[in-house]
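Understanding the architecture of this molecule
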2 protein chains.
Amino acid sequence: MTTYAVLGTGSVGQAIGGKLVTLGHEVAMGSRTAGNANAVAWAATAGDGAREGSFADAAAFGDVVVNATSGLGSLAALQAAGADNLAGKLLVDVANPLDFTGGFPPVLSVSNDDSLGEQIQRAFPDARVVKTLNTVTADVMVEPSRLPGRHTVFVSGDGVAAKEQVSRLLQSFGWPADDVIDLGDITTARGAEMYLALWVRLYGAVGSPYFNVSVVRGA
Amino acid sequence: MTTYAVLGTGSVGQAIGGKLVTLGHEVAMGSRTAGNANAVAWAATAGDGAREGSFADAAAFGDVVVNATSGLGSLAALQAAGADNLAGKLLVDVANPLDFTGGFPPVLSVSNDDSLGEQIQRAFPDARVVKTLNTVTADVMVEPSRLPGRHTVFVSGDGVAAKEQVSRLLQSFGWPADDVIDLGDITTARGAEMYLALWVRLYGAVGSPYFNVSVVRGA
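Residues numbered from 1 in each chain as written. Chains lettered and ligands numbered in written order. Predicted model: local features only at pLDDT ≥ 70, side-chain atom pairs only at ≥ 80, totals over all residues. Heavy atoms only, no water.

Our next topic: the overall build of chain A. The number of helices and strands found in chain A is nine helices and 11 strands. Computed over C-alpha atoms, the radius of gyration of chain A comes to 16 Å, within 12% of the 17 Å expected from 2.2 N^0.38 for 219 residues, which places it in the range of a compact globule. Overall, the C-alpha framework of chain A stretches about 50 × 35 × 35 Å when taken along its three principal axes. Expressed as a percentage of its 219 residues, the buried residues of chain A come to 58%. Counting contacts in chain A only where the partners sit at least 6 residues apart, residues at least 24 apart contribute 69% of the total. With the model as given, the accessible surface of chain A reaches about 8,200 Å², and the carbon-plus-sulfur share is 49%. The distance from the centre of the 14 positive side-chain charges to the centre of the 21 negative ones in chain A is 4 Å. (Helix = DSSP H or I, 4+ residues; strand = E, 2+ residues; numbered from the N terminus. Rg over C-alpha atoms; globule rule 2.2 N^0.38 Å. Buried < 20%, exposed > 50% of the residue type's maximum accessible area, 1.4 Å probe, protein only. Contact = heavy atoms within 4.5 Å. Areas by Shrake-Rupley, 256 points an atom, 1.4 Å probe, with all protein chains shown as cover. Lys, Arg positive; Asp, Glu negative; His and termini not counted. Charge placed at Lys NZ, Arg CZ, Asp CG, Glu CD.)

Superposition of chain A onto chain B requires a rotation of 180° combined with a translation of 0.0 Å along the rotation axis, giving an RMSD of 0.0 Å. Overall, the copies show the geometry of a two-fold rotation axis. Residue by residue, 100% of the interface of chain A is reproduced at the interface of chain B, so both copies engage with the same surface. (Least-squares fit on C-alpha atoms with pLDDT ≥ 70 in both.)

The next point concerns the interface of chain A and chain B. Taken residue by residue, the interface counts 36 residues in chain A and 36 residues in chain B. Carbon and sulfur atoms supply 66% of the area that chain A and chain B bury against each other, a total of about 2,900 Å² over both sides. Three residues stand out in chain A for area buried against chain B, namely L198, R201 and V216 of chain A, and they jointly supply 21% of the buried area on that side. Scanning the region where chain A abuts chain B turns up zero salt bridges. On the surface where chain A and chain B come into contact, there are nine residue pairs in polar contact (both at pLDDT 80 or more). It is helix α9 (residues 189-206) of chain A that contributes the most residues to the side of chain A that touches chain B, 11 residues altogether. Considering only residue class, the side of chain A that touches chain B consists of 20 nonpolar, nine polar and seven charged. (Buried area = accessible area lost by both parts, 1.4 Å probe. Salt bridge = Lys/Arg side-chain N within 4 Å of Asp/Glu carboxyl O. Polar contact = N/O pair within 3.5 Å; in protein donor to acceptor, adjacent residues only side chain to side chain. Nonpolar A, V, L, I, M, F, W, Y, C, P; charged D, E, K, R; others polar.)

Here the focus is helix α9 (residues 189-206) of chain B. Residues and elements named next belong to chain B. In a regular helix each residue adds 1.5 Å, so 18 residues correspond to 26 Å; α9 covers 25 Å between its end C-alpha atoms and thus fits that length. Along its length, α9 shows its largest kink, about 35°, at A197. For α9, the buried fraction is high: 15 of the 18 residues fall into the buried class. G207, located one to two residues past α9, shows a positive phi value of around 85°. (Expected span 1.5 Å × (residues − 1). Bend = angle between axes of the 7 residues up to and from the residue.)

With that settled, the discussion passes to the sheet that holds strand β4 (residues 64-67) of chain A. As summarised here, the arrangement of the eight strands in space is β3-β2-β1-β4-β5-β8-β9-β10 (chain A), forming an open sheet in which the pairing is mixed. The sheet is open, and its two borders are formed by β3 (50-54) and β10 (180-184) of chain A, each paired with just one other strand. Each adjacent strand pair in this sheet contributes to an overall mean axis angle of 25°, direction not counted. Here α9 of chain B sits on the sheet and contacts β9 (153-157) and β10 of chain A; the angle it forms with β10 of chain A, its principal contact strand, is near 105°. (Pairing = 2+ DSSP bridges. Axes fitted to C-alpha atoms, helices over the stretch in contact; angles between N-to-C directions.)

Further remarks concern unusual backbone geometry. Following F104 of chain A, the chain continues to P105 of chain A via a peptide bond in cis, the omega torsion being 0°. Note that P105 of chain A resides in the loop between β6 (98-99) and β7 (107-108). Positive phi values are uncommon outside glycine, yet L133 of chain A reaches one of about 65°. With respect to the helices and strands, the residue L133 of chain A is situated in the loop between β8 (128-132) and α7 (138-142). If you check the backbone angles, N112 of chain B has positive phi at about 75° while not being a glycine. With respect to the secondary-structure elements, N112 of chain B resides in the loop between β7 (107-108) and α6 (116-123).

Residues and elements named next belong to chain B. The eight strands are arranged β3-β2-β1-β4-β5-β8-β9-β10 in an open sheet whose pairing can be described as mixed. Bordering the open sheet on either side are β3 (50-54) and β10 (180-184), each of which pairs with just one other strand. Neighbour to neighbour, the strand axes of the sheet diverge by 25° on average, direction disregarded. Two strands pair when backbone bridges link them, and strand β1 (residues 3-7) and strand β4 (residues 64-67) are joined in this way by four bridges, in the parallel orientation. Within β4, the residue paired with Y4 across the bridge is V64.

Residues and elements named next belong to chain A. The element β10 is extensively covered by neighbouring structure, given that four of its five residues are classed as buried. Here four bridges tie β9 to β10, and the two strands are oriented parallel to one another. Among the inter-strand pairings, F154 is bridged to a residue of β10, identified as I181.

The predicted model of chain A averages 97 in pLDDT, with 100% of residues at 70 or higher. ipTM for the predicted complex: 0.97, alongside a pTM of 0.97. (pLDDT = per-residue confidence, 0-100.)

Another aspect to go through is the layout of surface pockets. Put simply, the largest pocket is a space of about 690 Å³. What lines the largest pocket is a set of 30 residues, and nearest its centre among them are A68, T69, S70, G71 and N96 of chain A. Elements supplying a minimum of two residues to the lining of the largest pocket: α1 (11-22), α4 (74-81), α7 and α9 of chain A. The element that contributes the greatest number of residues to the lining of the largest pocket is α4 of chain A, accounting for three residues. Classifying every residue of the lining of the largest pocket gives 16 nonpolar, 13 polar and one charged. Put simply, the second largest pocket is a space of about 450 Å³. Forming the walls of the second largest pocket are 20 residues, and the residues nearest its centre are V12, V94, N96, L98 and M141 of chain B. Contributions of two or more residues to the lining of the second largest pocket are made by α1 (11-22), α7 (138-142) and α9 of chain B. The class makeup of the residues in the lining of the second largest pocket is 11 nonpolar, nine polar and no charged. (1 Å grid on protein atoms, 1.4 Å probe; cavity = no way out; pocket = protein on both sides within 12 Å on 5 of 7 lines; lining within 4 Å. Points joined across faces, edges and corners; volume = space filled by probe spheres on them.)

Quick look at the structure:
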């Protein structure tokens, strides 16, 4: 059993929070203000290990913090969570810096020579940031068997031990260890985030968010 | 038999040009100046259908034009080829706008709200631009069976007939029709190009350019 903060009350936060409770962990869902309707409803139904509060309440509670906020609001949410509540902790960043203000398709608010993952690591140097899971839809994050056969999830981060901890977490979600690819340090989050520009178009071509890519290697 | 211009004398141009000759097509490899050493050597060894010349010579020769130049030089190469030599023709753009001037990893010289594919289509409105094959290494472009099992190639372009023509070309290279995904109009080239930010990191993680992604769909 581990204590988790899941920051964000949307479909991603609910999916990850719910899975963590199912796996026997204690989870605090954080939002801008304690008593958020989505969070209260989630905490009432997700199971015994579920509770809710402000971003700071949740981050203070969790030994591991999951950033499941929308990418444009992630830095503000983490500031509200508080650097002291993040220091020394594993910070699993699953957010995408998608900016829909110009309509569909979205652009990335940061890309190419920087990434949200890097921005978070720079803003919170005492947190151990690992980017992962941002390349699949919420249901697939926590139940990879919704798609047939092998498919791939990526991890990016500066800390080897932090990435190993995330790999074990992903395995507990059902991702085979062989399907977790370590892209390298946190700057490789650029690749995982920029892939979203392809993801949004594949979403259109496939006609469903229930898809992923499998990395196929030569002999 | 179709006549092709392959603009660019690097590994991508040589792979595509060679494959086209093997398939019985007539191919002119174009470079900045006729008599380019790479192009002359290629034309001497690729087979009876191979010849070389300037960008304009090649583009005038080919009924189909393949842009296999480096992305940073593509617009200049196509200007040298001449708008008149491109008008009405299928222009298969396989280039990536990778800028290595700052070292590795490269950044994209255009991305997010624009793409090289779109720049080319805007600069040559009378050409029928289709982006494809830029997401795999040269050898895999023309011999997808170098990787085991199913894996995916993308097409982006404004013209349905042009994309169908490219799909048939890809099938002649060995790509099963079911593994060719039509992402949509030429703006979807952003997705295929921005994926390169992930590709360059996968190259590091896999330790070889012989990989690709397979799009796995849910039931």
